[in-house]
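So the chains spell out like this:
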Protein chains: 2
Amino acid sequence: MKLEQATIKDIAKELNVSTSTVSRALKDYPGISLETKRKVKELADKMNYRPNAIALSLRKSRSYTIGVIIPEVVHFFFSTVISGIEEVANSRGYNVILTQTNEKLAREKTSIATMLANQIDGVLVSYSKETTNFDHFSNLLDKGFPIVFFDRVPEIAESINVIVDDYSGAYEATKHLIQQGYRKIVHLSGPSNLKISKERARGYQDALINHGLSIDPNLIVECTKGTDDEAQKIASEIIDTYPVKPDAFFAHNDMAAVGAMLACKAAGLKVPEQVGIVGFSNWQFCSMIDPSLTSVAQPGFRIGAKATEILLDLIEKKVSPDDFKSSVVLETELLVRKSSVR
Amino acid sequence: MKLEQATIKDIAKELNVSTSTVSRALKDYPGISLETKRKVKELADKMNYRPNAIALSLRKSRSYTIGVIIPEVVHFFFSTVISGIEEVANSRGYNVILTQTNEKLAREKTSIATMLANQIDGVLVSYSKETTNFDHFSNLLDKGFPIVFFDRVPEIAESINVIVDDYSGAYEATKHLIQQGYRKIVHLSGPSNLKISKERARGYQDALINHGLSIDPNLIVECTKGTDDEAQKIASEIIDTYPVKPDAFFAHNDMAAVGAMLACKAAGLKVPEQVGIVGFSNWQFCSMIDPSLTSVAQPGFRIGAKATEILLDLIEKKVSPDDFKSSVVLETELLVRKSSVR
DNA sequence: TTGTACGCGTTATCAC
DNA sequence: GTGATAACGCGTACAA
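Throughout this description, residue numbers start from 1 for each chain and increase along the sequence as written. Chain labels run from A onward and ligand labels from 1 onward, assigned in the order the entries are written. With pLDDT at 70 or above as the cut-off, local features in this predicted model cover only qualifying residues; side-chain atom pairs require 80 or more to be listed or tallied, and sums for whole chains, interfaces and linings still use all residues. Excluded from the side-chain calculations are hydrogens and water; all other atoms, namely the structure's heavy atoms, are used.

Note that Asn52(B) resides in the loop between helix H3 (34-46) and helix H4 (53-60). We call a residue buried when its accessible area falls under 20% of the maximum for its residue type, exposed when it is over 50%, and partly exposed in between, using a 1.4 Å probe and counting protein chains only. Asn52(B) gets classed as partly exposed once you look at its relative accessible area, which sits at 27%. Along the backbone, Asn52(B) and Tyr127(B) are 75 residues apart, and their C-alpha atoms lie at a distance of 33 Å. The contacts of Asn52(B), once residues within four sequence positions are left out, are Ala117(A) and Gln119(A). Note on conventions: DSSP H or I runs of at least 4 residues are helices, E runs of at least 2 residues are strands, and numbering of each starts at the N terminus. It only takes one pair of heavy atoms within 4.5 Å for two residues to be counted as in contact.

Residue and element names in this part refer to chain A. Residue ranges for the domains trace back to a domain assignment, done automatically or taken from a database. Along its sequence, chain A is carved into domain 1 (8-51), domain 2 (63-164 + 300-329) and domain 3 (166-298). Relative placement of domain 2 and domain 3: their C-alpha centres are 30 Å apart. Across the boundary between the two partners, domain 2 contributes 13 residues, which contact 13 residues of domain 3. Throughout, the accessible surface (probe 1.4 Å) given up by two parts as they are put together, summed over both, is called the buried area. Counting the surface lost from both domain 2 and domain 3, the interface buries some 1200 Å², and carbon and sulfur atoms represent 56% of this. Three residues, Phe 76, Lys 129 and Val 164, lead the burial of domain 2 against domain 3; their summed loss comes to 46% of the area buried on that side. Just to be clear on terms, a salt bridge is a Lys or Arg side-chain nitrogen sitting within 4 Å of an Asp or Glu carboxyl oxygen. Counting across the domain 2 and domain 3 interface gives one salt bridge. Where Lys 198 meets Glu 155, a salt bridge forms, and the shortest distance between an N and an O atom there is 3.4 Å.

The next subject is the interface of chain A and chain B. Taken together, the 51 residues of chain A in the interface contact 51 residues of chain B. Between chain A and chain B lies a buried interface of about 5100 Å² when both sides are counted; carbon and sulfur atoms form 59% of it. What qualifies as a polar contact is a pair of N or O atoms within 3.5 Å, subject to a donor-acceptor requirement within protein and to the restriction that residues adjacent in sequence count only when both atoms come from side chains. Linking chain A to chain B there are 14 residue pairs in polar contact (both at pLDDT 80 or more). Listed by contribution, the elements that provide at least two residues to the side of chain A that touches chain B are helix H4 (53-60), helix H5 (76-91), strand S2 (95-100), helix H6 (105-117) and helix H11 (254-266) of chain A. For the side of chain A that touches chain B, the element with the most residues is H5(A), which contributes eight residues.

All right, on to the sheet that holds strand S8 (residues 248-251) of chain B then. Residues and elements named next belong to chain B. Pairing between two strands requires that DSSP report at least two bridges joining them. Judged by pairing direction, the sheet is mixed, and its six strands sit side by side in the order S7-S6-S8-S9-S10-S12 without closing on themselves. Edge positions in the sheet fall to strand S7 (220-222) and strand S12 (333-335), since each of these pairs with one other strand and no more. Ignoring strand direction, the axes of neighbouring strands in this sheet form an average angle of 20 degrees. In this sheet, strand S9 (residues 276-281) lies alongside S8 in parallel orientation, the contact comprising three bridges. By the bridge assignment, Phe 249 is partnered in S9 with Ile 277. Axis geometry follows a simple rule: fit a line to the C-alpha atoms, using only the stretch in contact for helices, then measure angles between N-to-C directions, giving values from 0 to 180 degrees. This element, helix H8 (residues 166-179), spans strand S6 (185-189), S8, S9, strand S10 (294-297) and S12 of the sheet and lies at about 165 degrees to S9. Helix H9 (residues 195-210) rests against S6, S7, S8 and S9 of the sheet, and its axis sits at about 170 degrees to S6.

Our next topic: the UniProt feature "domain: HTH lacI-type" (unreviewed entry) in chain A. UniProt positions are given in the numbering used here, feature names are shortened, and annotations may be inferred rather than shown by experiment. Here the UniProt feature "domain: HTH lacI-type" (unreviewed entry) sits at residues 6-60 of chain A. The annotated region residues 6-60 of chain A carries 67% helix and 0% strand content, and the separation between its end C-alpha atoms amounts to 21 Å.

To continue, consider the protein's contact with DNA strand C. In the vicinity of DNA strand C lie 26 residues, with Arg59(A), Ser20(B), Thr21(B), Arg24(B) and Arg59(B) positioned nearest. We call a residue near a molecule or strand when any one of its heavy atoms sits within 4 Å of it. Backbone sugar and phosphate groups make up 63% of those atoms of DNA strand C lying within 4 Å of the protein. Asn52(A) places a polar main-chain atom, nitrogen or oxygen, 3.0 Å from a phosphate oxygen of DNA strand C. At a separation of 2.3 Å, a phosphate oxygen of DNA strand C approaches a polar side-chain atom of Thr21(B). Broken down by secondary-structure element, the contributors of at least two residues to the surface near DNA strand C are helix H1 (8-15), helix H2 (19-26) and H4 of chain A together with helix H2 (19-26) and H4 of chain B. Charged residues are taken to be Asp, Glu, Lys and Arg, nonpolar residues to be Ala, Val, Leu, Ile, Met, Phe, Trp, Tyr, Cys and Pro, and polar residues to be all remaining types, Gly included. Grouping the constituent residues of the surface near DNA strand C by class yields nine nonpolar, eleven polar and six charged.

Here we come to the relation of the copies chain A and chain B. Overlaying chain A on chain B yields an RMSD of 0.2 Å, the required transformation being a rotation through 180 degrees with an accompanying axial translation of 0.1 Å. This pairing of chains is accounted for by a two-fold axis. Each copy is superposed on the other by least squares, with the fit set by C-alpha atoms of residues at a pLDDT of at least 70 in both.

With respect to spatial proximity, 26 residues lie near DNA strand D, and among them Thr21(A), Arg24(A), Ile8(B), Tyr29(B) and Tyr49(B) are the closest. Within 4 Å of the protein, the contacting atoms of DNA strand D are 61% sugar and phosphate, with bases supplying the remainder. Here a phosphate oxygen of DNA strand D and a backbone polar atom of Ser33(A) are 3.0 Å apart. For DNA strand D, a phosphate oxygen lies 3.4 Å from a polar atom in the side chain of Lys27(B).

Listed below in structure tokens is the structure:
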């Protein structure tokens, strides 16, 4: 159990020098004889000495650890973001400590608390669906604690945000459907308290208007859960009961798009001949399903990487919070596949 | 930046008592007057005091943090495992620090090293595809450092392993194909240095033999990368060039199964009428593709949860390593869908 | 009932 | 060129 890691003290004792000498020798400080330096380094190597990061943290009040708070790990987009975070943090010598909130506000708060107790240097956050009040974040921001939000970002003045251009992603997707000749386009939207949902809906609406189509409020339906089952039910109902049959679905995520596709198949509607479908996020399965699903790709890895770079720069004072008055926006990319081309 | 967290010292000064008194009052130690206790707690509350976990770690040489080393985060199975780990660790008051190796041995070694420097109490490992030598783990095990392996486990005596019953999962999958009347069953296997690959291949072979079929070595093909592209190429080649046409594919993972499915479609073969297909892992997309994919479900969440329970029990000395002479094996479940039923 | 002193591992500061 | 000491925040054996 006890790892019995060698300490600077052990080396000092063995060599009959002081701990300070050892410390300096190891760090190539000036004013240490080459001879001593050599001996110390040699022994350190032999004893497999590794500085105790905890002791360093205590001394410097810096842990070289950042926290990550996300709603869910089992999620293609978020896991991709984590991958980007991991990559950058690792290459810059930081550890990543992770918690998922499972979309619970309470969990979000306790996570922050324990992370702070662990002296993390900063935190990356995508908040839970339950979160509507941001005091637990603003308190920290006011004290100058480094926080970078990504994807799900609060609409408060002090926050530093990294997001994708949901508006233009949705705009391009809708425009694509229109250009393919679809006219009655349903939008399966996300939870309306999330800014990303609003932006996607706005992009959808503007695309319609700019192409001379009118907005039919009946064709905008909220899918709160975002699962394929839920979307399938909703889409089936629209197909069965609406007087004017829709000829396309633009879903706020890929699961919902699949739900719509299944509903079409069940109703005997051919995709893409009769109904066009576009999703959002470009999950792995998009290219595997039949017909393959057109989707708006979000650069998850880059979001994670960018957010981490900013956070670490903040921590290391290479940039100031004032440099981020407006959100950092990364571009989406529409990947056209079979589900929307006729 | 500086969070200026209140310390025990601040409270002591404010109240004109010693730090030890404060410490004891906060922990309800005997021999503290109710009055003092009340005052201390009140002020601690007011100052929003949180014990500094780093200082505690240093003092107790216990960090209440466990490390997790996995090949990839963007992976349905592994992210599910992480979720299970997170859940249990969190509920028992431990932090989780995460690194992905991207299947690189070098990364695996440095990860372990930095985690140790951070005084983690134990580590959960699923090793990289490059790892063939386990000295960097056995060294630690020999010193009694708690490690629990999951999914990809080393075949060394001292290791504590949590795995799924790959053998029986593969056996059942193959048996199912046979019972559905398929006879020329191809096995798209995984990298042969992974034990899980060997076990799955063994289950496949035993099922054939026990049902009176012979094993054709030509029908066992290794897919090292495990991507759908790779599998598609391999499957196409088999379909095109083999004298005896295969009528089923049992793949070591779902991606490969999808590759096989695409290859069949490209060759004009109907699934499941002419060719049956079964995958492994039950990724989310299995139910979304058409035809839906029969797959062997691995209880990822439970693997993560179980491995973490064991690790924490080891750390807290509730169990001894000797209690785990043999691997902990969790059962798989064959989820029959359309791709294998005619 | 409370305070003093020390140690966990490291480094900055001052002294020799 | 090297050593002694204090400090980071906390818990605890020992004193009072």
